[in-house]
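Okay, here's what each chain looks like letter by letter:
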Amino acid sequence: MTGTGMEAGALGARSRALAVLRVRGWALAAALLPAGLAVVLLTGGATGRLTGQFWDYARLVTGVVAVLVLSVAAAVSLVVARSRPATSPTVPIPERSAPDLYRLVRDLADRLGVPAPSSIELTPDCDSWLEDRSHPSHGTGAGRPTSLLRRLADPHRRDRTAPVLVIGSPFLWWMRVGELRAVLAPVVAGTGPSAHPDIAAARRFVRGLDAAMAVAADPQRRGVVRLVLAGVARVVRLMLRGCAPHAAEMERGVAAAAAERAQAVDHGLRIVAQEQVGLAYAGWDRLLTRVALPAWRMRRWPSRLDVGVVAALTELSRRDRLAEGFASRLGERPACDLLEEPGAVDEAASLLAARLFHGTPAGPGGQWAPVEWQEYPEEVVDRTWRTEADRLHRVLDGLGPHQAPGDRTLARVLDHLAPAADDTEDGAEPPSAEPRPQPTAPHQAPAPNNHASAPPDHPSPGPDDAAPSPHHAPAPPRHAPATPHHASAPPDLPSAGADHAAPGPDPQSDTPPASYDDAVTEAVTDPAAVTGLGPDPVTDTALDPDPDPDPDDDDPDPLRDNALAAALAAGITAELAREEAAAARGTDRGPVAAAGGPGAGSTWWDDGRLPLLPPPPPRSGRDLLADHVTAMVCCAAVDTAGASPGLDWLDGPALLVRGRRVGDLGPRVLSLVEDGDPVPLRAWLRDLGVRAEKPVRLG
């Protein structure tokens, strides 16, 4: 290292690593101190120097304490040694399947003057990091476990084992080759400090303590084993409390040194690449929450998520003036061309994303089924609409004798929610036929590091956006992908909720793409042909996660003035809870197979602890009722007015009438649900030619 910043960062990291190792040394000294004192007392008694009743009692007490302390130390050491450090769920990329990608990473390591990563793996997340796989339970890079004799003969072998480079799969599809190299530069530069023996030993010690805490916290332990592990956890927690501040500062020093070293590689291009990191995060999060989540709930997984994120971001660049310059990049070589079989890798990453974010599918058997983009409108959107419309009518059947069982019309829903409003249509003047205004939420920039937040309405990433971390990830939850948490769709979306969101091709298209390359080309070059939105761009409010930030939304009970709507919402909530409980009882919650792709072995996340992150919060009664009424309206429009289900890459489900998206349904549904005013919705139905008195086909 030659730079002052690199020297300062590396020296600081090494000093903090020594502080972590001192904690380990103090713990070892505390364990050996009673035994050493017992040896001194026994030696004094054997030589005749320490004799007498007092020394006999001292030897007895010291010997008992030494045995107890050594037993505790042995138990702690055994648990730490036998615990397997957590590894991130990934898709392994063998060198034979991506020789160009390996060549790019090795050339980058040579330019930086650091060791090259031992292998490359992909994760369904917008992040990249280095991960240590030198633990004996992980095996060597060739997949062969190292023998005990070999480890004793070469105790520093693990210090020389290069970490694994984990790359976010959306980066490969959205970024160009030069941008990917610039983004990976500070990550690959982190292999230099990782090779230092003190830093490597300190990291292994901290990861071992983390793994021991995970073992001790396992709820499956019972009886004496649980008591023993509780004592081990107290000791391990004490050591973690002592070394955690030093470990955090060590990682900051490693990151600073790696970032300083990477400044010499494509500095100007790195600024542009960091903008793409923020944009990719916004598109990926929106794709998962608006597109993939509804399919996962139906036990279907989109098999081309990375192709979808390219189409979503291309659509964003077409709509958003802040992203106008990004579409011109699409003429350059994409980074996914570095893979020999991008389609197979995309499929493996998509299945892994489904298992990470959703876990085992609900229902008997818990089996997944893939779905292609061209099948999305019929297989996901239409089926979801009809399922929710059927649930709405089942709840209406049970509300009382005044309901007409077997009546499956939209008019029945309108009459129930606004029974007295029909008198005003031909008599008194209606309150208003216009939908409620929708103020647009202020623009805000995306936060790639905050995986629990929603994407902004107009992502405008910049150089200050968080870059992929160059340091090791001690546990997958720290680097786990953003959890889909938009449990409800914006009020302006013509859908039955966020669980209907899914971008896809034009449902009227007769010929699907002939190959994987054709699918990418069609999604990128002609997003209008895929979304079925027509040539007219939508307004900016389509990108707003909550385009109706009405002050009344802060009201904990927006249906308090509408008793009929409140009763119907409560019934839908109860019916949905019963269905989810029945599906959970019929699902085998045993161990699930890892979605690691070819060559993936058994990992810690194979034991039924998926999904890694908690599910999204449940939707409110108001949102559920609005979603179900919207679904019923969409079913009636499809069956009686010639409409069709469509998909938007950014906003999910869309109702297409004569090939154009209908985007003004949400406010009219809310007027009916919250205010009991059906006039705006009836006017909308009349203009589109929807016949509310006709029965619809339900799922």
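Residues numbered from 1 in each chain as written. Predicted model: local features only at pLDDT ≥ 70, side-chain atom pairs only at ≥ 80, totals over all residues. Heavy atoms only, no water.

Strand order in the open sheet formed by 4 strands is 1-2-4-3, with mixed pairing between adjacent strands. The open sheet terminates on both sides in strands that have one partner only, identified here as strand 1 (91–93) and strand 3 (128–131). For this sheet the average axis-to-axis angle between neighbouring strands, irrespective of direction, equals 30°. Inspection of the sheet shows strand 2 (residues 120–123) paired to strand 4 (residues 164–168) by 4 bridges, in the parallel sense. Within strand 4, the residue paired with threonine 123 across the bridge is glycine 168. (Pairing = 2+ DSSP bridges. Helix = DSSP H or I, 4+ residues; strand = E, 2+ residues; numbered from the N terminus. Axes fitted to C-alpha atoms, helices over the stretch in contact; angles between N-to-C directions.)

Attention shifts here to unusual backbone geometry. Despite not being glycine, arginine 299 shows a phi value in the positive range, around 65°. Mapped onto the fold, arginine 299 is located in the loop between helix 10 (267–297) and strand 5 (300–302). Residue classification places arginine 299 among the partly exposed residues on the basis of a relative accessible area of 27%. One non-glycine residue, arginine 658, lies in the positive phi region at around 55°. Along the chain, arginine 658 turns up in the loop between strand 8 (652–657) and strand 9 (660–662). Take arginine 658: its relative accessible area is 72%, and that puts it in the exposed class. (Buried < 20%, exposed > 50% of the residue type's maximum accessible area, 1.4 Å probe, protein only.)

What follows deals with helix 8 (residues 197–216). Along an α-helix, residues three or four apart share an orientation, since each turn contains 3.6 residues. In this model helix 8 runs 29 Å from its N-terminal to its C-terminal C-alpha over 20 residues, within 8% of the 28 Å that 1.5 Å per residue would give. Along helix 8, 15 of the 20 residues are buried, which leaves the element largely enclosed by surrounding structure. (Expected span 1.5 Å × (residues − 1).)

Looking at the chain as a whole, the pLDDT averages 74, with 68% of positions reaching at least 70. Every residue in residues 421–553 scores below 50 in pLDDT, and together they form 364 contacts with partners more than four places removed in sequence or on other chains. (pLDDT = per-residue confidence, 0-100. Contact = heavy atoms within 4.5 Å.)

Where two aromatic rings form a pair, the distance of their centres and the angle of their planes describe that pair. One pass over the full model with this rule turns up 4 aromatic pairs. Each residue in the set Trp373, Tyr376 and Trp649 is aromatic and connected to the rest through ring pairs, giving one cluster. (Phe/Tyr/Trp six-rings, centres within 6.5 Å; stacked < 30°, edge-to-face > 60°.)

This part takes up the sheet that holds strand 7 (residues 644–648). Spatial ordering of the open sheet is given by 7-8-9, a layout of 3 strands whose pairing is antiparallel. For this open sheet the edge positions go to strand 7 and strand 9, each flanked by a neighbour on one side alone. Averaged over all pairs of adjacent strands, the angle between their axes in this sheet comes to 55°, without regard to strand direction. Judged from the 5 bridges that link them, strand 7 and strand 8 form a sheet pairing that is antiparallel.

Counting residues in hydrophobic clusters, the biggest one holds 124 residues, and the most contacted among them are Trp296 and Leu625. Counting residues per element, this core draws most heavily on helix 10, which supplies 13 residues. If you look at the next biggest cluster of nonpolar residues, it comprises 26 residues, including Val20, Val206, Leu229 and Cys243. (Core = buried A, V, L, I, M, F, W, Y, C linked by side-chain atoms within 4.5 Å.)

Judged by how many residues are buried, strand 8 sits mostly within the fold: 6 of 6 residues are covered. Adjacent in sequence and paired antiparallel, strand 7 and strand 8 are bridged by 3 residues. Direction of pairing for strand 8 relative to strand 9: antiparallel, over a ladder of 3 bridges. Across the sheet, residue valine 657 finds its bridge partner in strand 9, namely arginine 660.

Now for the environment of glutamate 575. Among the secondary structure elements, glutamate 575 is positioned in helix 19 (residues 563–585). Considering only alpha carbons, one finds glutamate 575 and leucine 392, 183 residues apart in sequence, at a separation of 9.3 Å. Ignoring anything within four residues of it in the chain, the contact list for glutamate 575 reads Arg391, Arg394 and Val395.

Attention now goes to a nonpolar patch on the surface. A contiguous nonpolar surface patch, about 580 Å² in accessible area, is contributed by Tyr57, Leu60, Val61, Val64, Val65 and Leu68. Take valine 65: it is sitting in helix 2 (residues 53–82). With a relative accessible area of 37%, valine 65 lands in the partly exposed category. (Patch = residues over 30% accessible without salt bridge, like charges linked within 9 Å, V, L, I, M, F, W, Y side chains within 5 Å. Areas by Shrake-Rupley, 256 points an atom, 1.4 Å probe, with all protein chains shown as cover. Salt bridge = Lys/Arg side-chain N within 4 Å of Asp/Glu carboxyl O.)

To continue, consider the packing of helix 13 (residues 376–397) against helix 14 (residues 410–417). In a packed pair of helices, the relevant descriptors are the angle between the two axes and the axis-to-axis distance. As a packed pair, helix 13 and helix 14 sit with axes 11 Å apart at the nearest point and diverge in direction by 55°. As far as their axial angle goes, helix 14 and helix 13 are oblique. Considering the relative orientation of helix 13 and helix 14, their crossing is left-handed. Contacts from Leu392, His393, Leu396 and Asp397 in helix 13 reach Arg412, Val413 and His416 in helix 14. Classifying every residue of the contact of helix 13 with helix 14 by side-chain character gives 3 nonpolar, 2 polar and 2 charged. (Parallel < 35°, antiparallel > 145°, perpendicular 65-115°, else oblique. Left-handed = near helix turned anticlockwise from the far one by under 90°. Nonpolar A, V, L, I, M, F, W, Y, C, P; charged D, E, K, R; others polar.)

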